[in-house]
Amino acid sequence: MRMSATALLRTIALSTAMTTSAANAEETPADTIYINGNIYTVNAEQPWVEAVAIRGGVFIEVSDNESVAKLRGAKTRVIDLDNQFAMPGIIDTHIHPSLLMAKRSYCALPGTFHEPSERQIMDALEQCIEDYPADKPWFIAQGYTTPAMSSETLTRKVLDTLIPDRPAWIEDESGHNAWFNTKAMELAGVDKSFQDTPEEFFSRTNDGELAGVAFEGAMNPFLDVLPEFKTEDLKVAFARLLDEANSKGITSFGDAYVFENDLQAWHELNTEDKINAHAVMYLKGNLGTAELTPVSDLLGYYDKYDLPGHPGVKLGMGGAIESYSEALVDGYQDSTKSARPIIDADAFAAYIKELDDAGFQVKVHAIGDGTVRATLDGYEQVIKASGSNKQRHHIDHCSLVHPDDFKRFVELDVTCTIWPPLNAPVAYNVNYIKPAIKPETWNRMYANRDMYDAGIKLTNHTDAPAAVLWPWWGMEAALTRGFPGQPEKGSMHKQQALTVKELIEIYTINSAWSLHLEKTTGSIEVGKSADMIVLNHNLFEIDPTSVHQTKVKTTLFAGNVVYQAEPGKESK
């Protein structure tokens, strides 16, 4: 397995810059210096500074105005921060450019965080249908929130009426179920004889016919016949999400489901140096079923393509609580509902070992505490046998973790990637998750404070565009446990709130560690990549209920301005 050419060049540049900055910083001027700032570094030994100097894409001085001024040369740009707050770039360990963005290219429907009504979703869909390119063989869309839709609407009959001329496939915002019409069903080759299981199933009419929604693994026959997106289309779709990420202050990310058809697009973006962020690709290990991608295939992809970041693989061990496809330790409120982990315990542990031996880091989707426990069981076998979690295998979402498993996370050095946007009392939580589970289980949902205090290393993700790519909305939700901008909605499990300092660490250095990037980014320190964001206010000084109003004024990635809301104030 080889390091990509771009990644190798960046590693050499960083190493050279670190050596140069230490040896002859005063002899070689900085490219750019930022002065007069309130800069929070996330470095415990030097948490606040007023100035930084950058050369060759890395910080060469992080201190005070006087020290940084010594590195000013005739061609050095000097930016006066004028007491503005700055901090390291945000790291989102789990977004979905590959899984979802191309499907949103021509129709992105409003989801959970817009709290839409069914009528609003349908109005948006009807407008999409009117505007959709006539030359596309399929109608493909993404983004509606399933809980807002009635079973009477989510049918083939309704979609056949709206889209009678071509197959239609509309994924909900989570990517765990999709609405289809009859033409799509016929092309996928499925009918009422399909054998439903807890891991792959359809909505049904009273006589057993497929009603119009495919859940989890039942989506795969449709995905197999969807037209492949061309590389150029994928590059545009991926870049669109990454541009938005830069505008929100994100300078590092993990793509949490990369498929074979996506690899050429990422290869080209990487070799063309058009990924304005540190990136890690998590290749598909499975999707909704227990069928696993051979490790030899995964190794072959890394040999064939120049992909950024530490080699990674994504596995799904569960689905979603609202569709009863996540295993729960104490079961569902409806005792007739149950679920088991998608991958058999022995097969999961064996596959993790094979991936671990091959040098892959594993990211597992697990929401329910039963699914989380099964994932830990598999990890434990491999980590204890090897002596450490050297690849930093981790669990994403982990919205519900049984307290009996807290200690295991710590002992195994497994991170839990929390989901800050869902720490608010959104309708998805209150109206759909809460009724599905037992009261005592509900009281343990999103237990960030308990997990943090137990010593579990928490990291950050949005799951965008399945949820909004808006780190500040999520940060406020995790800080106040209220609904940002709508205090009348009350709060949810307020005792689980975290502090600003804790959340910034979760959003930066902890997440950098999870992506094997902590020596490169995640804090503002000499020798690290110059990834820094300038905000419209100091997060430590504002009212917590104003955090969602945070605006990014400037985003720096490797010393380059990749987003700027307004020109920086240059000193003469």
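You'll find the structure just up there.
Read on for a plain summary of the structure. (Residues numbered from 1 in each chain as written. Predicted model: local features only at pLDDT ≥ 70, side-chain atom pairs only at ≥ 80, totals over all residues. Heavy atoms only, no water.)

## A short note on the pairing of strand β16 (residues 312-316)
Applicable threshold: Here the term buried applies to any residue with accessible area under 20% of the maximum for its type, exposed to any over 50%, and partly exposed to those in between, with areas from a 1.4 Å probe on protein chains only. Secondary structure elements follow DSSP: runs of H or I no shorter than four residues count as helices, runs of E no shorter than two count as strands, and numbering proceeds from the N terminus. One bridge is not enough; two strands pair if DSSP finds at least two bridges between them. Crossover handedness is defined by viewing with both strands directed away from the observer: a clockwise path from the first strand over the helix to the second marks the crossover as right-handed.
The element β16 is largely enclosed, with a buried count of 5 among its 5 residues. Neither face of β16 is left uncovered, since the one carrying Gly312, Lys314 and Gly316 and the one carrying Val313 and Leu315 both have all their residues buried. Both strand β15 (residues 278-284) and β16 contribute to a ladder of 3 bridges, which runs parallel. The partner of Tyr282 across the bridge, within β16, is Gly312. Following the chain from β15 across helix α10 (residues 295-304) to the adjacent parallel β16, one finds a crossover that is right-handed. Viewed along the sheet, the connection from β16 through helix α11 (residues 345-358) into strand β17 (residues 361-366) turns out right-handed.

## With respect to the state of the cysteines
We apply this condition: Cysteine sulfur pairs qualify as disulfides if the two atoms are within 2.5 Å.
Scanning the model with the defined rule gives 2 disulfides in all. Sulfur-sulfur distance for the disulfide between Cys107 and Cys128 comes to 2.3 Å. Taking the torsion about the S-S bond as the criterion, the Cys107 to Cys128 disulfide, at about 90°, is right-handed. Here the residue Cys107 occupies a position in the loop between α3 (97-100) and α4 (118-131), and Cys128 occupies one in helix α4, the gap between them amounting to 21 residues. The class for Cys107 is buried, based on a relative accessible area of 1%. Disulfide partners in the protein, listed by the sequence order of the bonded cysteines, are 1-2, 3-4.

## Side note on the packing of aromatic side chains
Note the threshold: For this analysis, a ring pair means two rings from Phe, Tyr or Trp (six-membered ring only for Trp) whose centres lie within 6.5 Å, classed as stacked if their planes differ by under 30 degrees, edge-to-face if by over 60, and tilted for the remaining angles.
Scanning the entire structure with this criterion turns up 22 aromatic pairs. Judged by centre distance (6.3 Å) and plane angle (65°), the ring pair of Phe85 and Phe540 falls under edge-to-face. In this pair, Phe85 sits in strand β7 (residues 85-88) while Phe540 sits in the loop between β21 (532-535) and β22 (552-557), placing the two residues 455 residues apart along the sequence. Overall, Phe540 belongs to the partly exposed group, its relative accessible area being 33%. Each ring, one from Tyr132 and one from Phe139, has its centre 4.5 Å from the other, and the planes form 40°; the classification is tilted.

## Description of the packing of α10 against α11
Worth spelling out the cut-off: Comment: axis = line fitted to C-alpha atoms, over the contacting stretch for helices; angle = value between 0 and 180 degrees taken between N-to-C directions. Convention used here: angles under 35 degrees read as roughly parallel, angles over 145 as roughly antiparallel, angles from 65 to 115 as roughly perpendicular, and any remaining angle as oblique. We call a crossing left-handed when the near helix sits turned anticlockwise from the far one by less than a right angle, and right-handed when that turn is clockwise. Whether two residues touch is decided by their heavy atoms; if any such pair falls within 4.5 Å, the residues are in contact. Polarity classes work like this: nonpolar for Ala, Val, Leu, Ile, Met, Phe, Trp, Tyr, Cys and Pro, charged for Asp, Glu, Lys and Arg, and polar for all others, with Gly in that last group.
In the contact formed by α10 and α11, the axes pass within 10 Å of each other and the chain directions differ by 30°. The orientation of α10 relative to α11 falls into the category roughly parallel. Here α10 runs over α11; the crossing is right-handed. Contacts between α10 and α11 involve Val295, Leu298 and Leu299 on the former and, on the latter, Tyr351, Glu354, Leu355 and Ala358. For the contact of α10 with α11, a count of residues per class yields 6 nonpolar, no polar and 1 charged.

## A short note on the layout of surface pockets
Stated precisely, the cut-off is as follows: Only protein atoms enter the 1 Å grid used here. Points where a 1.4 Å probe fits but cannot escape make up a cavity, open sets with protein on both sides within 12 Å along at least five of seven lines make up a pocket, and a residue lines them when an atom lies within 4 Å of a point. Grid points are joined across faces, edges and corners, and a volume is the space filled by probe spheres set on the points.
Put simply, the largest pocket is a space of about 1,200 Å³. In terms of lining, the largest pocket is formed by 49 residues, of which the most central are Asn220, Leu223, Phe259, Lys284 and Leu287. Contributing elements (two or more residues each) for the lining of the largest pocket: α3, α7 (220-225), β14 (250-258), β15, α10 and β16.

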